[in-house]
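# Architecture and fold: a report
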Amino acid sequence: MKNISLDYSYTYPFIDDKKINSYLDTAFKAMDMLLNRTGRGKDSLGWLDLPEKTLSSGLIGEIEKVSDEIYNNADLLICTGIGGSYLGAKAVTDALLHPFYNSLPKNERKGPKLIFAGQNISGIWLEAVINEINTNKSVYVNVISKSGTTTEPGIAFRLIKQQIEKKYGKKESAKRIIATTDANEGALKSLSDKEGYRTFVIPDDVGGRYSVLTPVGLLPISSAGISINELLQGAKDASEFGKIRNIKNNPGLLYALLRNLLLKQGYHTEILINYEPTLHYINEWWKQLFGESEGKNNKGIFPASVDFTSDLHSMGQWIQEGQRFIFGTTLNIMGADSDLKVPSDEGSPDELEYLAGKSYFEINQQAFRGTVVAHHDGGVPNIIFNVPELNEYYLGQLLYIFEEACGISGYLLEVNPFDQPGVESYKKNMFALLNKPGEQNKINRKKIDEKISKIPKDKVTE
């Protein structure tokens with residue numbers, strides 16, 4: 001069985017073998033810091049051996065027992081969480097399920113409709129969620145939060161909980177609400193104990209953006225009928241070749257090395273590119289992983305993303321001829337899931353008859369190849385992940401490769417890739433503006449009001 005591989009031929013001549021070889025020892029040191037748990041954030045590295053541990057434990061059986069109940073009995077599963085508490089599950093389910101999964105009739109879909117809440121503060125979104133609760137007969141909820149006090153999922157779950165209890169009563173609702181939270185403490189853990197919710201544990205040594213292979217992601221993924229065994233096996237195999245001290249056989253190490261070398265050449269923005277629309281949320285998961293891990297101390301590579309070929313008709317011009325500080329990383333799915341072919345229509349004036357009989361997969365592949373060459377010619381380096389097929393096993397590999405690469409890359413940047421102090425800044429302001437109780441919030445509110453009062457009024461339009 002082939003593994004995911006890296007094609008870095010399109011990074012030349014922007015970086016060359018001499019630069020790569022000169023950076024190898026530094027990359028190996030960063031890799032050793034990660035694998036030996038000697039770097040900053042070493043208490044947050046439980047994800048490193050998570051696939052192997054989970055596969056050999058009874059946790060999969062516990063998850064599948066509950067997920068089978070949801071799969072067989074629910075018309076709708078609502079996952080309530082934000083950041084890593086929803087992006088991993090959303091990324092995997094979108095990648096592997098039918099593109100219009102929620103719109104399929106139940107007999108074709110088999111599993112429950114899957115929707116997400118608590119990832120925003122939109123009343124419009126939540127009204128739509130409530131409508132789904134009221135129009136689906138059997139509803140389950142998976143609320144995901146380590147603390148239970150995060151604003152977005154917290155206020156969403158308040159509303160959802162009330163609607164579920166109104167629909168089923170408290171006793172039946174307690175059977176339909178599953179909490180994924182801390183093992184011992186926190187608001188959601190306390191509520192779960194009080195109400196009798198079934199719970200799954202978010203490990204203390206796994207941060208949110210690395211949690212897709214914990215119950216955070218595994219329960220909703222399994223509830224949609226996707227094999228978490230295969231997902232974890234792919235990740236486990238990636239963890240094994242992720243220990244190899246050879247860049248040709250370790251794509252995570254090579255990826256981390258290449259992107260940091262490109263940064264040294266002035267390429268400080270990375271665009272993750274896919275050619276399958278179902279991979280959109282893989283891009284979004286990747287953006288959180290790298291953005292939250294690396295963006296510290298005025299360092300880091302800015303993570304952006306595009307969906308091709310759609311975005312070639314919007315962003316293609318900028319990528320081709322805009323400022324030269326970007327490089328691309330492309331997810332190339334090599335195996336076709338569809339053999340659909342372009343039909344013949346000889347009388348059509350669309351000038352596309354030359355494509356008749358070709359598969360859409362083949363056309364998409366040639367679009368990918370032509371774009372990589374064009375962007376390379378335009379001064380945009382490209383790294384290509386060759387993924388043999390789009391399935392659970394290879395998606396597990398990809399997720400783990402990215403996680404390991406992110407850890408190594410963070411150490412190469414000399415930042416802690418496992419904390420996120422900057423995300424607290426907006427929260428402090430928001431809490432103060434919403435008059436959250438507490439002396440510090442009063443002080444912060446005063447500072448905000450003073451700052452606003454100093455804004456020149458002639459700069460504010462009416």
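Scroll up to find the structure this text is about.
Residues numbered from 1 in each chain as written. Predicted model: local features only at pLDDT ≥ 70, side-chain atom pairs only at ≥ 80, totals over all residues. Heavy atoms only, no water.

### A few points about the pairing of strand E4 (residues 139-144)
Within E4, six of the six residues are buried, which leaves it mostly tucked inside the rest of the structure. Here E4 shows two buried faces, one formed by Val-139, Val-141 and Val-143 and the other by Tyr-140, Asn-142 and Ile-144. When E4 meets strand E5 (residues 177-181), the two strands line up parallel, connected through four bridges. Directly across from Ile-144, in E5, lies its bridge partner Thr-180. (Buried < 20%, exposed > 50% of the residue type's maximum accessible area, 1.4 Å probe, protein only. Helix = DSSP H or I, 4+ residues; strand = E, 2+ residues; numbered from the N terminus. Pairing = 2+ DSSP bridges.)

### Quick word on the environment of Ala-117
Along the polypeptide, Ala-117 turns up in strand E3 (residues 113-117). Ala-117 sits 57 residues away from Ile-60 along the chain, and the two C-alpha atoms are 25 Å apart. Sequence-distant contacts of Ala-117, that is, excluding residues within four places in its chain, are made with Ile-78, Cys-79, Thr-80, Gly-81, Trp-125, Leu-126, Val-129 and Ile-160. (Contact = heavy atoms within 4.5 Å.)

### Things to note about the environment of Pro-417
The residue Pro-417 is located in the loop between helix H16 (392-412) and helix H17 (424-433) in this model. Using a relative accessible area of 0% as the deciding quantity, one classes Pro-417 as buried. In sequence terms Pro-417 and Lys-42 are 375 residues apart; their C-alpha atoms lie 9.8 Å from each other. Other than its neighbours up to four places away in sequence, Pro-417 contacts Arg-40, Arg-209, Tyr-210, Ser-293, Lys-296, Cys-406, Gly-407, Gly-410 and Tyr-411.

### As for the pairing of strand E10 (residues 382-387)
Of all six residues that make up E10, six are buried, and the element is covered over most of its length. Burial along E10 is two-sided: the residues Asn-382, Ile-384 and Asn-386 and Ile-383, Phe-385 and Val-387 are all buried. Two elements, strand E9 (residues 326-333) and E10, share six bridges in a ladder whose sense is parallel. Counterpart to Ile-333 in the pairing with E10 is Val-387. Regarding the hand of the β-α-β motif, the stretch spanning E9, helix H15 (residues 360-377) and E10 is right-handed. (Right-handed = clockwise from strand over helix to strand, strands pointing away.)

### What about unusual backbone geometry?
Along the chain, Tyr-12 connects to Pro-13 via a cis peptide bond; the corresponding omega equals 5°. Structurally, Pro-13 is set in the loop between strand E1 (5-7) and helix H1 (17-35). In this structure, the amide linkage connecting Phe-308 to the following residue, Thr-309, adopts the cis form with an omega of 10°. Along the polypeptide, Thr-309 turns up in the loop between strand E8 (302-307) and helix H14 (316-321). One non-glycine residue, Glu-414, lies in the positive phi region at around 65°. Here Glu-414 shows up in the loop between H16 and H17. Overall, Glu-414 belongs to the exposed group, its relative accessible area being 59%.

### Thoughts on the sheet that holds E1
Spatially, E1-E10-E9-E7-E8 is the arrangement adopted by the five strands of the open sheet, whose pairing is mixed. Either end of the sheet is taken by a strand with one partner, and the two such strands are E1 and E8. Going from strand to strand, the sheet's axes swing by 25° on average, the running direction of each strand aside. Alignment of strand E7 (residues 269-274) against E8, held across six bridges, turns out to be parallel. Bridging from a neighbouring strand, Glu-270 pairs with Pro-303 of E8. Packing of helix H12 (residues 251-264) onto the sheet brings it into contact with E1, E7, E9 and E10, and relative to E10 it is tilted by some 165°. (Axes fitted to C-alpha atoms, helices over the stretch in contact; angles between N-to-C directions.)

### Things to note about the side chain of Asn-382
If you trace the backbone, Asn-382 turns up in strand E10. Residue Asn-382 is classed as buried on the basis of its relative accessible area, which comes to 2%. Within the structure, Asn-382 has its side chain in polar contact with the backbone oxygen of Val-380 (distance 3.0 Å). Not counting the four nearest positions on each side in its chain, Asn-382 is found in contact with Asp-7, Tyr-10, Thr-11, Ile-273, Gly-328, Thr-330, Val-372, His-375 and His-376. (Polar contact = N/O pair within 3.5 Å; in protein donor to acceptor, adjacent residues only side chain to side chain.)

### Thoughts on the packing of helix H4 (residues 84-96) against helix H13 (residues 280-294)
Contact pair H4 / H13: the axes reach a minimum separation of 8 Å and the direction vectors enclose 150°. Relative to H13, the element H4 lies roughly antiparallel. The hand of the H4/H13 crossing is left-handed. Between H4, through Gly-84, Tyr-86, Leu-87, Gly-88, Lys-90, Ala-91, Asp-94 and Ala-95, and H13, the contact on the second element is made entirely by Tyr-281, Ile-282, Glu-284, Trp-285 and Gln-288. Class assignment of the residues belonging to the contact of H4 with H13 gives a composition of seven nonpolar, three polar and three charged. (Parallel < 35°, antiparallel > 145°, perpendicular 65-115°, else oblique. Left-handed = near helix turned anticlockwise from the far one by under 90°. Nonpolar A, V, L, I, M, F, W, Y, C, P; charged D, E, K, R; others polar.)

### Thoughts on a negative patch on the surface
Where like charges cluster on the molecular surface, the negative patch consists of Asp-345, Glu-346, Asp-350, Glu-351 and Glu-353. Considering the arrangement of structural elements, one finds Glu-353 in the loop between E9 and H15. Among the residues examined, Glu-353 registers a relative accessible area of 30% and is labelled partly exposed. (Patch = residues over 30% accessible without salt bridge, like charges linked within 9 Å, V, L, I, M, F, W, Y side chains within 5 Å. Areas by Shrake-Rupley, 256 points an atom, 1.4 Å probe, with all protein chains shown as cover. Salt bridge = Lys/Arg side-chain N within 4 Å of Asp/Glu carboxyl O. Lys, Arg positive; Asp, Glu negative; His and termini not counted. Charge placed at Lys NZ, Arg CZ, Asp CG, Glu CD.)

### Overview of the sheet that holds strand E6 (residues 198-201)
Ordered by their spatial adjacency, five strands build an open sheet running E3-E2-E4-E5-E6, and the pairing between neighbours is parallel. Looking at the sheet topology across the chains shown, the edges are occupied by E3 and E6. Between one strand axis and the next, the sheet turns by 20° as a mean value, whatever way the strands run. Packing of helix H7 (residues 151-168) onto the sheet brings it into contact with strand E2 (76-80), E3, E4 and E5, and relative to E4 it is tilted by some 155°.

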